[in-house]
Amino acid sequence: MTATDKDNPVRLVTPSFLGLFMAALCFFFAYGMTVPILPPFVKERLHGTDLIVGVVVGMMAVSSIVIRPLVAPRTSSWGCPRLVLVSGLVGAGAFAGYGLAADNVQLSGLRLVTGAAQATLLIAAITMVTSHAPPDRRGQAISYFSVAPYLGIGIGPVLGQTLFEHLGFRPAFAIAGVIGLAGAIPILFVPNVRVPRPAGAPRQPIFHKVALWPGTVLALGMVGAIAMSAFMPLFVSDLGASGTQWIFLAYAAVVLLVRVVGGRIPDTLGPARTGWLSTSLISLGMVGFAVTPSVLGIYLSLIPLGTGIALQYPGLLALTVNRVSEEERPRAVSTFTMFFDLATGIGGLFVGGIVAVGGYRSAFAACAACSLLGLVLLRLFVVARPTEGGAAESSAAEGSPVETALPSAPVAATSEATEE
């Protein structure tokens, strides 16, 4: 950062940032409301098995991956705020429809719709957030924005579980839909900027190679969080306890605390150290789940797990977007966040299969092993890999993020942009 930058630092939290933040918060609050009640809905109302629970939870990944080639180029031609608006409305309808599903096939279809909406919202919102943040503060910007989904996922289950206990499945899902619909209001006040694609521009590959290995490390770490979301309500019941919503709330509180108070950690430590630290902590937390004899052990294990999850995502995403140009950023973001969906889909099937064979503790232990594999891949293919500009990634290990991207500029500053 130059002296001028220090005197006039770029504001990360702007009205547009707040509009995106609130839209994402409403979406993920509604999604969080469904987390603790979806597994028992599948088992009790739709008579599914543990494996079916994993399949239903993982169905989101299919549509999330399929829709990505359509979303990335439209962040420019349609505008990021418009995509956030449309995806929020579609997601709200899907949440409300969960309670109307007559069987697991219909519910899986609604999960496909949910996955498409979530992928579109995240790609558009993160692309806009990172485009308006300077390179050396992108990790901080991502950390602040990601408070929205984790706050929603943390508080949403408390309301969802309470509504289910007092009103039943269908009203709880319906209210989730209404809350998701409320996210359309703040995004209406965010200017929609479109940058038409130049005539004759070459077609770009669907996936960006720079994001592949960082995304793989992310996916291996996220399998543990997917296992917790899908099977923690049932695992806690086996321990003879209840109140799963408080476990999700505690998990979200840890993540939020680290994201807000430690927002500069990914930029300060650098992506290599942040990656090593976060992935190790995730593995430690999953080992705690696998061996705990009581609910107290679950709460203690949430500390390393939540801290690792809080640091891994912004650190690896900042590393990815810092390696690409402005025009490549939507495709890089799309590719990187795709691995979150792969973790949801393949991880859901993987964990569901292990639960069916060996039980919940075996599944949590397998998730710890996945994170350890992520550490190996991080060392072999991310940390030691040269960037596209030729600079060795090892410099990031010393605390300075590698920067090979073009200078960041708000999309609205381009001469061809049109604002609606």
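Residues numbered from 1 in each chain as written. Predicted model: local features only at pLDDT ≥ 70, side-chain atom pairs only at ≥ 80, totals over all residues. Heavy atoms only, no water.

## A look at the overall build of the chain
To keep it simple, the criterion reads: Under the scheme used here, helices are H or I runs from DSSP no shorter than 4 residues and strands are E runs no shorter than 2 residues, and both carry numbers assigned from the N terminus. Under the scheme applied here, a residue whose accessible area is under 20% of the maximum for its type counts as buried, over 50% as exposed, and between as partly exposed, the area being computed with a 1.4 Å probe on protein chains only. Two residues form a contact once any of their heavy atoms are found within 4.5 Å. Note on areas: these come from Shrake-Rupley sampling with a 1.4 Å probe, and a residue is covered only by the protein chains present in the view.
Of regular secondary structure, the chain possesses 18 helices and two strands. For the chain, with 420 residues in total, the buried portion stands at 57%. Expressed as a percentage of contacts within the chain between residues at least 6 apart in sequence, the contacts between residues at least 24 apart total 85%. A total accessible area of about 16,300 Å² is found for the chain, and carbon and sulfur atoms account for 69% of it.

## A look at the confidence of the model for the chain
Applicable threshold: As a per-residue measure, pLDDT reflects the predictor's confidence and takes values from 0 up to 100.
Summarising the model, the chain shows a mean pLDDT of 82, and 86% of its residues fall at 70 or more. Within the chain, helix α18 (residues 394-397) has the poorest average pLDDT of any element, 39, and helix α9 (residues 169-182) the best, 95. For the stretch residues 1-8, pLDDT sits under 50, and the model shows three contacts to residues farther than four places along the chain or on other chains.

## A few points about the nonpolar core
Heads up, the condition is: Among buried residues, the Ala, Val, Leu, Ile, Met, Phe, Trp, Tyr and Cys ones that are joined through side-chain atoms within 4.5 Å form a nonpolar core.
L107, M232, Y251, F289 and F364 are the most contacted members of the largest nonpolar core, which totals 111 residues. It is helix α11 (residues 212-238) that contributes the most residues to this core, 15 residues altogether. Those residues in contact with M232 that sit more than four places away from it in its chain are A227, T244, I247, F248, F289, I298 and F364.

## What about a nonpolar patch on the surface?
We count it as follows: For patches, a residue must show more than 30% relative accessible area and have no salt bridge; joins then use 9 Å for like charges and 5 Å for nonpolar side chains, namely Val, Leu, Ile, Met, Phe, Trp and Tyr. Just to be clear on terms, a salt bridge is a Lys or Arg side-chain nitrogen sitting within 4 Å of an Asp or Glu carboxyl oxygen.
Nonpolar side chains collect at one region of the surface, where L373, V376, L380 and F381 lie side by side and expose about 350 Å² of accessible area between them. Examined against the element boundaries, L380 turns out to sit in helix α17 (residues 360-383). Relative accessible area serves as the criterion here: at 52%, L380 is assigned to the exposed category.

## Side note on unusual backbone geometry
Positive phi, normally seen in glycine, also occurs at H47, with a value near 60°. Within the fold, H47 resides in the loop between α3 (38-45) and α4 (50-58).

## Some details on empty space enclosed by the protein
Over the atoms rolls a probe the size of a water molecule, and in doing so it shows where empty space is left. Here is the rule: Only protein atoms enter the 1 Å grid used here, on which a cavity is any set of points holding a 1.4 Å probe that cannot leave and a pocket is any open set flanked by protein within 12 Å on both sides along at least five of seven lines; residues with an atom within 4 Å of a point are listed as lining. Grid points are joined across faces, edges and corners, and a volume is the space filled by probe spheres set on the points. Each residue gets one label: Ala, Val, Leu, Ile, Met, Phe, Trp, Tyr, Cys and Pro are nonpolar, Asp, Glu, Lys and Arg are charged, and the others, such as Gly, are polar.
The full count for this structure, using the stated rule, is four cavities of 30 Å³ or more. Considered as a void within the structure, the largest cavity measures approximately 420 Å³ in volume. Around the largest cavity sit 25 residues that line it, and F28, Y150, I153, M222 and F340 are the ones nearest its centre. The leading source of residues in the lining of the largest cavity is α11, at five residues. Here the residues of the lining of the largest cavity are counted per class, giving 19 nonpolar, five polar and one charged. In this model, the second largest cavity occupies a volume close to 80 Å³. Every residue along the wall of the second largest cavity is listed here: Y31, T34, V35, L38, P39, V57, R111, S229 and A230.

## Considerations on the pattern of salt bridges
Side-chain pairing between opposite charges can occur once the charged atoms of the two side chains come close. One pass over the structure, following the stated rule, counts one salt bridge. Here E328 and R331 are joined by a salt bridge, their closest N and O atoms 4.0 Å apart. Taking the relative accessible area as the measure of exposure, R331 reaches 12% and is therefore buried.

## Points about the packing of α4 against α11
Working note: a packed helix pair is described by the angle between its axes plus the distance between those axes. The test is simple: The axes are straight lines fitted to the C-alpha atoms, using for helices just the contacting stretch, and the angles between their N-to-C directions are given from 0 to 180°. For classification purposes, angles smaller than 35 degrees are called roughly parallel, those larger than 145 roughly antiparallel, those between 65 and 115 roughly perpendicular, and all remaining angles oblique. Handedness of a crossing follows from how the near helix is turned relative to the far one, being left-handed for an anticlockwise turn of less than a right angle and right-handed for a clockwise one.
Running from N to C, α4 and α11 point in directions that differ by 150°, and their axes come no closer than 10 Å. By the angle between their axes, α4 is roughly antiparallel relative to α11. When you trace α4 past α11, the crossing you get is right-handed. Packed against α4, whose contacting residues are D50, V53, G54 and V57, the element α11 presents A230, F231 and L234 at the interface.

## A word on the packing of aromatic side chains
As a reminder of what qualifies: Pairs were defined over the aromatic rings of Phe, Tyr and Trp, the Trp ring being its six-membered one, requiring ring centres within 6.5 Å. Orientation was assigned from the angle between planes: stacked under 30 degrees, edge-to-face over 60, tilted for the rest.
With the rule as written, the count across this model stands at 16 aromatic pairs. Their ring planes at 80° and their centres at 6.3 Å tell us that F17 and F145 sit as a pair that is edge-to-face. A residue pair is termed long-range when its members are at least 10 positions apart, and F17 in helix α2 (residues 15-34) and F145 in helix α7 (residues 138-145) qualify at 128 residues. Residues W213 and F381 carry aromatic rings whose centres are separated by 4.1 Å and whose planes lie at 10° to one another, so their mutual orientation is stacked.

## Some points on helix α6 (residues 104-131)
Basically, it comes down to this: To estimate the expected span of a helix, subtract one from its residue number and multiply by 1.5 Å. Any pair of N or O atoms that falls within 3.5 Å is considered a polar contact. Within protein, one atom must be able to donate a hydrogen and the other to accept it, and sequence-neighbouring residues count only if both atoms are side-chain atoms.
Taking 1.5 Å per residue as the helical rise, α6 with its 28 residues ought to reach 40 Å, and the 40 Å between its terminal C-alpha atoms agrees with that figure. Two or three places before V105, at the start of α6, stands the capping residue D103, its side-chain oxygen 3.1 Å from that residue's backbone nitrogen.

## Observations concerning the packing of α6 against α7
Interhelical geometry of α6 versus α7 gives an angle of 140° and a closest axis separation of 9 Å. Here α7 runs oblique to α6, going by the angle between their axes. The two elements α6 and α7 meet at a crossing, and its hand is right-handed. The segment α6 lies against α7, with A125, I126, V129 and T130 engaging R138, A141, I142 and F145. A class-by-class count of the residues in the contact of α6 with α7 yields six nonpolar, one polar and one charged.

## Observations regarding the environment of R329
Looking at the secondary structure, you find R329 in helix α16 (residues 329-358). On the basis of relative accessible area, R329 is assigned to the buried category, the value being 0%. The sequence separation of R329 and T127 amounts to 202 residues, and the corresponding C-alpha distance is 6.8 Å.

## A word on the environment of Q140
Its location among the elements puts Q140 in helix α7. Residues Q140 and P314 lie 174 residues apart in sequence; the distance between their C-alpha atoms is 7.7 Å. Q140 has contacts with L12, G263, R264 and D267, leaving out every residue within four places of it along the chain.

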